[in-house]
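Observations on the three-dimensional arrangement
Below, each chain spelled out in residue letters.
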Amino acid sequence: MCAFQANYHLMWATKYRRKVLLGSVEVRLLEVLKMIACQSGFQLLTAMVHDGDHLHVFVSAQPKVCIPNMVRVLKCNSARMLLGEFPSIKKQLCGWNLWSEGYAVRTAGAMNSEKIEECINRF
């Protein structure tokens, strides 16, 4: 057993920065991310779509969790589910790639976690 506070602010964009994360797609994405995080052993603290083309996710995970693997799980599983449920997205993206290849990550300790959540939810 260990005590930890390992929080990560993750950001990634849709392929070609296409504005496909709007309306019911956005709502479903946030539900799907929460489910994936729960099933994968980490906690989704908050998530927010901005401008319909990129996403900010704030998660808490045990220190043993590999950040690239966590991002891969979130991106791959959410893409598979959304593209299956919303076939019209595939036409806008020219195929099965919902997300761009990269991502950004920032770590957050106890002091700035509240600020990050506030910033993500501000929009």
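This report concerns the structure included in the present document. (Residues numbered from 1 in each chain as written. Predicted model: local features only at pLDDT ≥ 70, side-chain atom pairs only at ≥ 80, totals over all residues. Heavy atoms only, no water.)

Quick word on the sheet that holds strand S3 (residues 54-60)
Within a sheet, adjacent strands bond to each other through the backbone by hydrogen bonds, running parallel or antiparallel. The 4 strands lie next to each other as S2-S3-S1-S4, forming an open sheet whose pairing is antiparallel. At either margin of the open sheet sits one strand with a lone partner, and together these are strand S2 (43-50) and strand S4 (104-108). Here the strands of the sheet are splayed against their neighbours by 15° on average, with no regard to which way each runs. Direction of pairing for strand S1 (residues 7-13) relative to S3: antiparallel, over a ladder of 7 bridges. The partner of Leu-10 across the bridge, within S3, is Val-57. (Pairing = 2+ DSSP bridges. Helix = DSSP H or I, 4+ residues; strand = E, 2+ residues; numbered from the N terminus. Axes fitted to C-alpha atoms, helices over the stretch in contact; angles between N-to-C directions.)

Quick word on the side chain of Ser-60
When you line up the elements, Ser-60 lands in strand S3. Note on Ser-60: relative accessible area 13%, which makes it buried. Beyond its immediate sequence surroundings of up to four residues, Ser-60 is in contact with Phe-4, Ala-6, Asn-7, Phe-42, Gln-43 and Leu-45. (Buried < 20%, exposed > 50% of the residue type's maximum accessible area, 1.4 Å probe, protein only. Contact = heavy atoms within 4.5 Å.)

Structural notes on the nonpolar core
Counting 32 residues, the largest nonpolar core has Leu-10, Val-57 and Leu-98 as its most contacted members. Looking at this core, the elements that each hand over two or more residues are S1, helix H1 (24-40), S2, S3, helix H2 (67-85) and helix H3 (88-93). Of the residues forming this core, the biggest block, 7 residues, is contributed by H2. Apart from residues lying up to four places away in sequence, Leu-98 is in contact with Thr-14, Lys-15, Val-20, Ala-79, Leu-82, Leu-83, Ile-89 and Leu-93. (Core = buried A, V, L, I, M, F, W, Y, C linked by side-chain atoms within 4.5 Å.)

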